[in-house]
Amino acid sequence: DAGITQSPRHKVTETGTPVTLRCHQTENHRYMYWYRQDPGHGLRLIHYSYGVKDTDKGEVSDGYSVSRSKTEDFLLTLESATSSQTSVYFCAISESMDRGEETQYFGPGTRLLVL
Amino acid sequence: AQSVTQLGSHVSVSEGALVLLRCNYSSSVPPYLFWYVQYPNQGLQLLLKYTSAATLVKGINGFEAEFKKSETSFHLTKPSAHMSDAAEYFCAVSHNTDKLIFGTGTRLQVFP
């Protein structure tokens, strides 16, 4: 199994509070991704990173920011959580994004409930 | 733009029966196609992927999928279902530098 951990695994928070989710990898992969999973939508890309301090937006980036100060860590921040951000969040990693055939490896997920 | 459509959000089969999960893709260029499986309360795990080397792709746990360009399909099959196959299955597409686009998923139930 790819060495990917996510913390926390479960979180309950209130509307308007900031939330930070952490993804940590031990594979030294260059690319890291944050997805959200919602019923009827599958997985949707929020943000991704192609190196330290190099990040870009995905399909559903509004309301989210990311940071990557070290190869192994990729943080997802909800500046002011809303109920629509209640979801399961997955981190993924890949060695490359230059060719679409590269496999992405997923972490165990973080279940976030915004009240 | 690329997309995938998974027909049937829920599929139920009896143990020992054929499993068929459908995936159709839309892509203007030759795609790379993936099937992932998600067991309850876990992350996604790669089952198999098509990268143009062979149209019939064999994956883990006895699953296989066939790329059919004329039908723009990449259906997932397994000859005989096991109880342990109960999970959610996601089809995904990408090409070159594009990102991975997921379908909405199919939940497989296996009855004894």
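What you see is a predicted model, and the numbers here were worked out from it, not measured in a lab.

Caption draft 1: Seen up close, the nonpolar core. Formed by 27 residues in total, the largest nonpolar core has its most connected members in Trp-35, Leu-48, Phe-74, Leu-76 and Tyr-89 of chain B. Elements represented by at least two residues in this core include exactly β2 (10-14), β3 (19-21), β5 (32-38), β6 (44-50), β8 (64-68), β9 (73-78), β10 (87-94) and β12 (106-111) of chain B. A per-element tally of this core places β10 of chain B first, with four residues. In this view, Leu-76 of chain B contacts Val-19, Leu-20, Leu-21, Trp-35, Leu-47, Leu-48, Phe-63, Glu-64, Ala-65 and Tyr-89 of chain B; residues no more than four positions away in its chain are not counted. Val-66, Leu-78, Ile-93 and Leu-112 of chain A belong to the second largest nonpolar core, which has 19 residues in total.

Caption draft 2: Spatial organisation of the side chain of Thr-106 of chain B. All names here are of chain B. Along the chain, the position of Thr-106 falls in strand β12. Given a relative accessible area of 1%, Thr-106 falls into the buried group. In terms of polar contacts, Thr-106 uses its side chain to reach the side chain of Gln-6, at 3.3 Å.

The rules behind these values
- Residues numbered from 1 in each chain as written.
- Chains lettered and ligands numbered in written order.
- Predicted model: local features only at pLDDT ≥ 70, side-chain atom pairs only at ≥ 80, totals over all residues.
- Heavy atoms only, no water.
- Core = buried A, V, L, I, M, F, W, Y, C linked by side-chain atoms within 4.5 Å.
- Buried < 20%, exposed > 50% of the residue type's maximum accessible area, 1.4 Å probe, protein only.
- Helix = DSSP H or I, 4+ residues; strand = E, 2+ residues; numbered from the N terminus.
- Contact = heavy atoms within 4.5 Å.
- Polar contact = N/O pair within 3.5 Å; in protein donor to acceptor, adjacent residues only side chain to side chain.

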